[in-house]
Every structure is written in C-alpha cells, then in structure tokens.
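Now for the letters of each chain:
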Amino acid sequence: MDTKETGRIENKGHNIVVLEKTVHDGTTELTPEAFTGKLRVSKPDVHAVGIPAVVSSIEHAWKWMSAGDAVRTMFKINQKGGFDCPGCAWPDPDDERSALGEYCENGMKAIAEEATNKRLTADFFKKHSVQELSTWTDYALGKSGRLTEPMILRGGNYEPISWAEAFKFIASELNALGSPDEAIFYTSGRASNEAAFLYQLFIREYGTNNLPDCSNMCHESSGKGLSATLGLGKGSVTLDDFNHSELIIVMGQNPGTNHPRMLSALEKCKENGGKIIAINPLPEAGLMNFTNPQSPLKILKGGTKLADMFLQVKINGDVALLKAMMFLMLEAEKIAPNSVFDHDFIKNKTAGFDEFIADLATQNYAELVAASGVPEPLVREAAQMCIAKKRIIVCWAMGLTQHKNAVGNVQEIVNLLLLRGSIGIKGGGTCPVRGHSNVQGDRTMGIWEAAPDKFLDKIRDVVGFEPPRKHGYDVVAAIRAMYDGLGKVFFALGGNFISATPDTEFTAEALRRTNLTVHVSTKLNRSHLIHGKNALILPCLGRTEVDTQASGEQFVTCENSMGVVQMSRGLLQPCSTNLMSETAIVCYLAAATLGEKSKVDWSAMHTNYDNARDLIAKVIGGFDNFNEKVRRPEGFYLPNPPREQQFSNTNTQKANFSINPVPKWSLKHGEYMMMTIRSHDQFNTTIYGMDDRYRGIFNERRVILMNAKDMVTEGVKANDVVDLFGYYNGVSREARQFIVVPYDIPLGDVATYFPEANTLIPIDSFADKSKTPTSKSVVITMKKA
C-alpha cells in the first residue's frame, strides 16, 4: 500500500525506524518495530538545576556548536550589550549580572539549536523529498541544520529561489486575492519589536487585521482577565518585587523546565524570609528544590528548599481552591473585622466588592475543597498564610490559561490579591509568566487581530492611511477560515504552526486547502511539510547573529515578561550570506506588495532600524525617545498603571472584583481529564532531545502519565501500550500507541506531551472570551493497543 505521509519515527542509533504511516484511505499503520522497550523510567528528580543542568548545557553547546561560538555566546546571552535569549521571556536583573553567565540549561539548548554548525543546502532538499522528510520526527527535523537560502516547493521537493523572485511570487499571490481578508499573517513570539511593528503596519496597510499569533494559544486568557479587572493585560510586578515579597504563590507552572532563571528569584525570596506555595497537579522538581549552579556553597549544601507548601490540585481545580481559601479568609474577617481585608484599598481603589462577597458567602466550603482535590487541612493552612502576609505575588502560566474557564482562573487570582490590597505595592502583585522571549512585545507592537481603535487611530494620524477596523482572525478562527476556503494565503513570521495548534489533523487539512503557505524560519520544522498548493521557506537571521544593513550593524529590541524593553545585538557571523533579517524580509515584502502607493518608506525602515524605532515612538505610548532610552544598558520600563494602583482603563475606572463560577466536571466511568505538558528537553514546539530528566522519563515522548490506582481500575500496567480517544461535539479523535507510565498525579487526571497529543484537542473547544484552545482539559478514554 502506497504511503501519502507519515506520522512518527524514532532514532535508534544511526537508523531511522518508521513507527507509523498514514495511507491513502487515512488509516494509520504501525510497524512491528514500533515499541521495543526502549523507554526508561526512573524516580523523578526532587532538585532542579544544579550540576546536571550545567553538564547538560555544556553537552548541548559542544555537541551542536563550534567551541569558539559556544564560549562567546555563553558570556553574551542576556548580558548588557549582548543578545536576548531566544527562549523564555523571564527578565534580567536590573543591576549587575552574573559574570558566570545569565542563562539557564534550556536557554543554552535554544542557543545550540540556533547556532548549530550544521547547514541545510540545496543538495539536502534535492536528496530528501517532502514526503520523506514527513517521516522524520520533530527532533530529527530540528537537528538537521540551519536553513541557508530561500526555497520554493516544486514537485515533491524544495529547491532554491532568489529573494527577488520569492517576494515577487508572494506579492503576486497576495494581490490576486479577492479580498485582503483572504490572507492570514501569523506571528511567533520570537519576532523583535521592530519586525513585529513593521509587520502589522504592512498587513494593515495591505487591508486586513488577520493577525493571529502564538499568544492566542497561551496567555490570551491572562490578557483578557487582567484587562477587565485591572485595566492592563500585563503583570504588575517587577523582578525586584520578588526580593521583597512575603509570599509567592506559583500556580499551573513548571519553572524548572520552562523558566529556570525564575528559580533564582524564588531563592532570593526565601533568603529574605518569604514563603512559597506551589499549586500544580504534578509535583515538579522546579517547584520543590533549587540548586543554584553559580553558588558552590549551595551545591555542597544540597540547594534551597523552595515550596513551603505543595497543593496538588486536580486539573482545573484552581477556582475551587482559590474560592475555598477566600471563604476561610472571609470567615476570619467576620470574626475579627478589619484584620484580613484591606478595606481602605477596597473602598478607594476597587469596584464590585459587595457583590463578590455576597456570592462568596453562598459557596459550600466542603464542595469547594472536594472539587479542588486538595486535602482540607492544607487548604486551611494556605488560607492562613494568605491572611498572615500582605506582600503577595501570584505567578501563573498555561496550567491556568488553557481551560474553558481560563479567564475566570486569572480573575479569581485578582480577587484574592484585591482582598489583601496586594496589587501595586512593593513585593505584591500579578505575575503571568510569559513563554517566548518577545511574545509580550509583539502584542505591544500591535500584533493583535482585535487592536483597539485608539491604536488604529494613531496609525492613521501618524502614518497617513486608514487601517481596517473589522476584527481579524485569531488562531482558531484562522484555522477554520483556511478549512472553509476563506483563508487562501498563510504567511508565518516564525513559529511551527502545525505543531503549536490544536486538532492536528483538522489544522493540517486546513493548511493543505490554501493556495500558498510561507514560513520565515531559521530551522526546518513540521510546518514546512504541511503546505498549501504552493509553499516557500524564507530563511532569516537568528538572535545570535550579526545583523548588518546598509547603514551598518543593527540591533533589535525585545520586551520581557515584566515590561522592560532592552536591546539585543547578535555577535556570531551569519550561517549563510543568503539570509535576511526578519525586519528586512517584512520591508521587502511590503514594498513588493504595496508598491508606490504605500505611505511608508520601507527602504528606510530596514536600512537603519533607528528609523523604525522613531516611527514606533510616534505611534505607541511609552516609547517616547525610544532610540535614546533603549541604548541604556539596562533598557527601560514601559508604563504600568496597576503597578501604581491606577486602574482607570477598566469600565469602572477602578480595579474590579469579579464573580467566576466553579467549573463543573462530571467524568463517566473510564473517562480521564488529560492535560498536555512539555518535557524537559523541549521549549514550546522545539524538541531538544528525547528525555524528561526531572520527571525521570527517558528515550520516549509518546507516554501517558497516570495515577497508579487509575491504572488498576483501567486494567493496565506500567509499559502497557494504549490508544487514546476523545469525543467532542459529535467528532471522534484518536492518538494511538502511548506507553503508560505510573506517576504522582491526581486520580482521574492524566498527562501527555505536546505536540504528540495535540490531535486530541478539539478545534471547537476553547476558553470563553479569549478563545485559547483547552489544551489542559481534554476528556479522553483509552484502551489497550
């Protein structure tokens, strides 16, 4: 039977073993070699970072980079005057940064991935067809090397095309559309401020607001929840606040893998006498103990115990837990008035308090505790800790933002902080921990399908054209539009769209129905292989590389997770002379598409990035004197009204309490609540290796973590192979051949890695208000394979 494309392979030594293949009738065949017992499971780590992380960092750098490049980048990443890590958005210290290096293990993995000494040339693509490359794992694709020249799909293979021809081809396709709204322009969170601003400017002058981006799939829920309650969709704390906090609550987050440098801030909180509560379905190593690799004494002492309490909440039990804690706070306030709630802050700075308290008083405490999954004594102890502390920071990530009620999760956090008056004070406030390095900056720059009229008015007044006002497609709507034939051109500025999005089979079919797919990328990824009738790959400079334009060497800027904008300047020579920067690609494409009618001097924008920053300063608030301020080594903070207890951007011009219902889940016999997670050898969709060291899982990603008691009920044992099934809104989905791993996870809950399990996430299951896919709450069943 002939194959059309494949789903999955394994690397076994130097041999590629195909594990499954999709045939013409759409079924999937598994080869006999599919599972040979190569999975290795050990006891999960209880310490994060330390010597193993140092060794791993060095191994990745030395394996994939030249020794000279490895050393040079290690001492320039996240340093003043250096380059911003292309990984996470955790901020750098305002003061002196460590001479030993301001990076983490996964940051170094990201550098090694980008600055690899392997190259993909025309010969590679001539040798390997798209059909063959589709049989490679995401890991194998990523490790194949850096893209070195523009490529166009002809027949079954990519082959070289000149930059001029590529821009002409894309512009012709865009200008041939019946409406600009038939084009979709996606953005990854790694794009610089300059590239992102010019990108949205081009797209809006072209005539559409179809600007889906990766934030639609992660912290869109945070933005919606915070904007409605505090008037700004960003966190309110600075890195220095961690030094002064009395209590830090970390919810739905695995910092040891996803934001390892955050552990240093948590350690400082502990050293200053602060307490930490960790709330998560899994007992992650990074929530428990931290061994600082920059402190030999701490290594010898065995590191720092971080979490004073671990509350193992059930998947999506967070609202129930927070309400239970606040119910106890309300009881304590009734017994001793004015001892718990900050009534001066509540009276002068908030709205909706009476309604919120009236609703809270009606809650059934026992039912809340049961829904949370946390033992009652621990709920009571956590509430008491909140009563005893004033300077409280709550941190969260996608464990809260990828549920049907995700916006309510965020707003319930705000409720707790408002009760204590813990927003806008030193050591207290909200801290959504963003993922990709400039995802927050991209939204600031206007990468938003629903930009406010105030922003669009400014473009009109400064640049001189009338931007479209109709809201465009977010990620879910964009996939739907392509599937329905309404989206005919898909252009991606970075990212790996097919691996990041839900409902993999549906999304793949949507992309295949387009006339053209274009990806601006540094490395080969799965999205280049799931393409439209025509497809191009445009290779760009990496964050580590020198960016030289007509006026000389350039730098770009990024905004970190706490609103600091700083410069990033590459130091390595580009891996090819035939690369363009993202900024230049946007400008050349805009000029080719819009021609002389454009109101923007696109040549000036990429000849000297100062020109782009001058335009940003005129359009976006907080960027006045942009070119001057960003040249300060430490960068500068953007305005943040909630940080000053100013909430005038809400509908009441005060901080708003909100009433959020407790999610009601009713699982039938044999059903489980699945959440998708990252492994430790992974950042977003990039797979650095096949291990998950902190969780004790090695050599395999197609696993399902399951409570041992549930395994007995289900009749499966460790290492059994099961098929997973989902059923939502009349549509059945399946993900085959997952190995069962017993793990410390609440009864009824299971966990799988993404993107392997993304096929089970329904395209039409998303958060209310934010439309973020519900990747953390998917009801599934299973059976032995």
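About the cut-offs
- Residues numbered from 1 in each chain as written.
- Predicted model: local features only at pLDDT ≥ 70, side-chain atom pairs only at ≥ 80, totals over all residues.
- Heavy atoms only, no water.
- Buried < 20%, exposed > 50% of the residue type's maximum accessible area, 1.4 Å probe, protein only.
- Helix = DSSP H or I, 4+ residues; strand = E, 2+ residues; numbered from the N terminus.
- Pairing = 2+ DSSP bridges.
- Phe/Tyr/Trp six-rings, centres within 6.5 Å; stacked < 30°, edge-to-face > 60°.
- Lys NZ or Arg CZ within 6 Å of the ring centre and 35° of its normal.
- Expected span 1.5 Å × (residues − 1).
- pLDDT = per-residue confidence, 0-100.
- Contact = heavy atoms within 4.5 Å.
- 1 Å grid on protein atoms, 1.4 Å probe; cavity = no way out; pocket = protein on both sides within 12 Å on 5 of 7 lines; lining within 4 Å.
- Points joined across faces, edges and corners; volume = space filled by probe spheres on them.
- Nonpolar A, V, L, I, M, F, W, Y, C, P; charged D, E, K, R; others polar.

Engineer: Describe the pairing of strand E21 (residues 534-539), naming the residues involved and giving the relevant values.
Structural biologist: By the criterion of burial, E21 is predominantly enclosed, with five of the six residues buried. Strand direction decides the pairing type here: strand E8 (residues 151-154) and E21, joined by two bridges, are antiparallel. Of the residues in E21, the one forming a bridge with Ile 152 is Leu 536. Pairing of strand E20 (residues 516-521) with E21, which is carried by six bridges, proceeds in the parallel orientation. Its bridge partner being in E21, Thr 517 is matched across the sheet by Ala 535.

Engineer: Help me get a handle on the packing of aromatic side chains, residues and values and all.
Structural biologist: By the definition in use, this model includes 23 aromatic pairs. Judged by centre distance (5.8 Å) and plane angle (15°), the ring pair of Phe 167 and Tyr 588 falls under stacked. Residue Phe 167 is found in helix H7 (residues 163-175), and its partner Tyr 588 is found in helix H27 (residues 582-594); the two are separated by 421 residues along the sequence. Judged by its relative accessible area of 37%, Tyr 588 falls in the partly exposed class. Through a chain of ring-to-ring contacts, the aromatic side chains of Phe 185, Tyr 199, Phe 202, Tyr 206 and Phe 491 assemble into a single cluster. When the ring centre of Phe 636 is taken as origin, the NZ or CZ atom of Lys 629, which lies over that ring, is 4.5 Å away.

Engineer: Lay out helix H19 (residues 376-388) in plain terms, naming residues and giving numbers.
Structural biologist: Taking 1.5 Å of rise per residue, the 13 residues of H19 would be expected to cover 18 Å, and the 18 Å separating its terminal C-alpha atoms lies within 8% of that figure. When we look at burial in H19, the residues that qualify are Val 379, Ala 382, Ala 383, Met 385, Cys 386 and Ile 387.

Engineer: Break down the confidence of the model for the protein chain for me, with residues and values.
Structural biologist: Taken residue by residue, the protein chain gives an average pLDDT of 90. The fraction at 70 or more is 92%. In this model, residues 1-36 is a region of pLDDT below 50 whose contacts with residues beyond four sequence positions or in other chains number 76 contacts.

Engineer: Residue-level account of empty space enclosed by the protein, with values.
Structural biologist: The probe, sized like a water molecule, is rolled over the atoms to show the empty space still left. Tallying each qualifying case throughout the model produces nine cavities of 30 Å³ or more. Reported here for the largest cavity is a volume of approximately 940 Å³. In terms of lining, the largest cavity is formed by 49 residues, of which the most central are His 436, Phe 683, Asn 684, Thr 685 and Thr 686. Counting only elements with at least two residues in the lining of the largest cavity, the list comes to helix H3 (105-114), helix H6 (138-142), E20 and strand E30 (686-687). A per-element tally of the lining of the largest cavity places H6 first, with four residues. Residue composition of the lining of the largest cavity, by class: 20 nonpolar, 20 polar and nine charged. Space inside the second largest cavity adds up to approximately 360 Å³. Together, 30 residues line the second largest cavity, and Gly 252, Gln 253, Met 398, Gly 399 and Lys 776 are the ones closest to its centre. Of all the secondary-structure elements, those providing two or more residues to the lining of the second largest cavity are helix H20 (398-401) and strand E28 (672-677). When the residues that make up the lining of the second largest cavity are grouped by side-chain class, the tally is twelve nonpolar, twelve polar and six charged.

Engineer: Got a sec to walk through the pairing of E8? Specific residues and values, please.
Structural biologist: Moving residue by residue along a regular strand, the side chains alternate between the two faces of the sheet. Bridge count for E8 against strand E9 (residues 157-160) is four bridges, and the pairing is antiparallel. Among the inter-strand pairings, Met 151 is bridged to a residue of E9, identified as Pro 160. What sits between the antiparallel neighbours E8 and E9 is a turn of two residues, in which Gly 155 has the positive phi angle 70°.

Engineer: Requested: an account of unusual backbone geometry, with residues and values cited.
Structural biologist: Cis geometry marks the peptide bond from Phe 754 to Pro 755, where omega comes out at 10°. Its place among the elements puts Pro 755 in the loop between strand E35 (749-753) and strand E36 (778-784). Its identity as a non-glycine residue notwithstanding, Asn 625 has a phi of 55°, on the positive side. In the Ramachandran plot, Lys 769 falls in the positive-phi region, its phi being about 80° despite a non-glycine side chain.

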